[in-house]
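Structure assessment
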Amino acid sequence: MTIFAHLISTEYSLSEGYGKVSDYIKELKKQSIESGEENPSLIIADKFSMSAHIPFYKECMKEGIKPVFGLKVTIQGNDGGINHDLILVAKDEVGRQNINKLTTLSYQITVDKGYKLITQDQLEEHTDGLICLSGGYKNGLIEKSILKGDREKAIGLVKHLTDIYDGDFYLN
């Protein structure tokens, strides 16, 4: 049973791409052999892009790595609030379909320089089959609240996301 999976963004990630799918998979395969890990998993979570999902899947299958599909999304701030990121990871086929839907919905709200957003309502309508990660220190609303000293807001956000994701919300 895998209890850990690496999370990556690839060259397909809009404005945040890093390495090539094949390079990540080769490196994970090498590390798995060296460490003796029997069932390695790799999560792909590009920003508003699923373009790497097919090559990612094919490469993972070829190398015996379990592919896990995700998506990094930016949520439009309510009432002029701060836009913030979350990372969504599919637990099953329903989750993968919800990632597809949210990607499509992101093209309805395009702001400066083609930047894609989804609304809080859209996010909350598509939670089935998904695990939610907080979005990290750079663009996560919880992390931003903590850094500003607004502990109550951060706690409220954690409770809300834990509730709407039925316990499948994690800080990253």
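Calculation criteria
Residues numbered from 1 in each chain as written. Predicted model: local features only at pLDDT ≥ 70, side-chain atom pairs only at ≥ 80, totals over all residues. Heavy atoms only, no water. Phe/Tyr/Trp six-rings, centres within 6.5 Å; stacked < 30°, edge-to-face > 60°. Helix = DSSP H or I, 4+ residues; strand = E, 2+ residues; numbered from the N terminus. Axes fitted to C-alpha atoms, helices over the stretch in contact; angles between N-to-C directions. Parallel < 35°, antiparallel > 145°, perpendicular 65-115°, else oblique. Left-handed = near helix turned anticlockwise from the far one by under 90°. Contact = heavy atoms within 4.5 Å. Nonpolar A, V, L, I, M, F, W, Y, C, P; charged D, E, K, R; others polar. Buried < 20%, exposed > 50% of the residue type's maximum accessible area, 1.4 Å probe, protein only. Salt bridge = Lys/Arg side-chain N within 4 Å of Asp/Glu carboxyl O. Pairing = 2+ DSSP bridges.

What follows deals with the packing of aromatic side chains. Tallied over the entire structure, the rule returns 2 aromatic pairs. Taken together, a centroid distance of 6.5 Å and an interplanar angle of 25° make the contact between Tyr 57 and Phe 69 stacked. One end of the pair, Tyr 57, is in helix H2 (residues 53–63); the other, Phe 69, is in strand E3 (residues 66–75), with 12 residues separating them in the sequence. Three or more aromatic residues link up through ring pairs in this structure, and these residues are Phe 56, Tyr 57 and Phe 69.

For the pair helix H1 (residues 21–35) and H2, interaxial distance at closest approach is 10 Å and the crossing angle is 25°. Classified by the interaxial angle, the pair formed by H1 and H2 is roughly parallel. Once H1 is placed against H2, the crossing between them reads as right-handed. Each of Val 21, Ser 22, Ile 25 and Lys 29 in H1 lies in contact with H2, whose residues at this interface are Pro 55, Phe 56, Glu 59, Cys 60 and Glu 63. Within the contact of H1 with H2, the residues separate by chemical class into 5 nonpolar, 1 polar and 3 charged.

Moving on: unusual backbone geometry. A positive phi angle, close to 45°, is found at Phe 48, a residue other than glycine. Structurally, Phe 48 can be placed in the loop between strand E2 (41–44) and H2. At Asp 166, a residue that is not glycine, the phi angle is positive and equals roughly 50°. Mapping Asp 166 onto the fold places it in the loop between helix H7 (151–164) and strand E8 (169–170). Judged by its relative accessible area of 70%, Asp 166 falls in the exposed class.

This brings us to the pattern of salt bridges. Summed over the entire model, instances satisfying the criterion amount to 5 salt bridges. The shortest N-O distance in the salt bridge between Asp 85 and Lys 47 comes to 3.5 Å. Here the residue Asp 85 occupies a position in strand E4 (residues 84–90), and Lys 47 occupies one in the loop between E2 and H2, the gap between them amounting to 38 residues. We note that Asp 85, like Lys 47, is buried. When the shortest N-O distance is used, the salt bridge between Glu 59 and Lys 62 registers 3.4 Å. Taken together, the residues span about one helical turn, with Glu 59 and Lys 62 both in helix H2 at a distance of 3 residues. The class for Glu 59 is partly exposed, based on a relative accessible area of 21%.

As a further point, take the sheet that holds E2. Taken together, the 6 strands give an open sheet; going across it, the order is E1-E2-E3-E4-E7-E8, and neighbouring strands pair in mixed fashion. One side of each edge strand has no neighbouring strand; the edge strands of this open sheet are strand E1 (6–8) and E8. As paired strands, E3 and E4 are joined by 6 bridges and run antiparallel to one another. The residue of E4 that forms the bridge with Leu 71 is Leu 88. Along the sheet face, H1 touches E1 and E2 and points at about 155° away from the line of E2. Contacting E3, E4 and strand E7 (130–133), helix H3 (residues 93–106) crosses the sheet at an angle of about 145° to E4.

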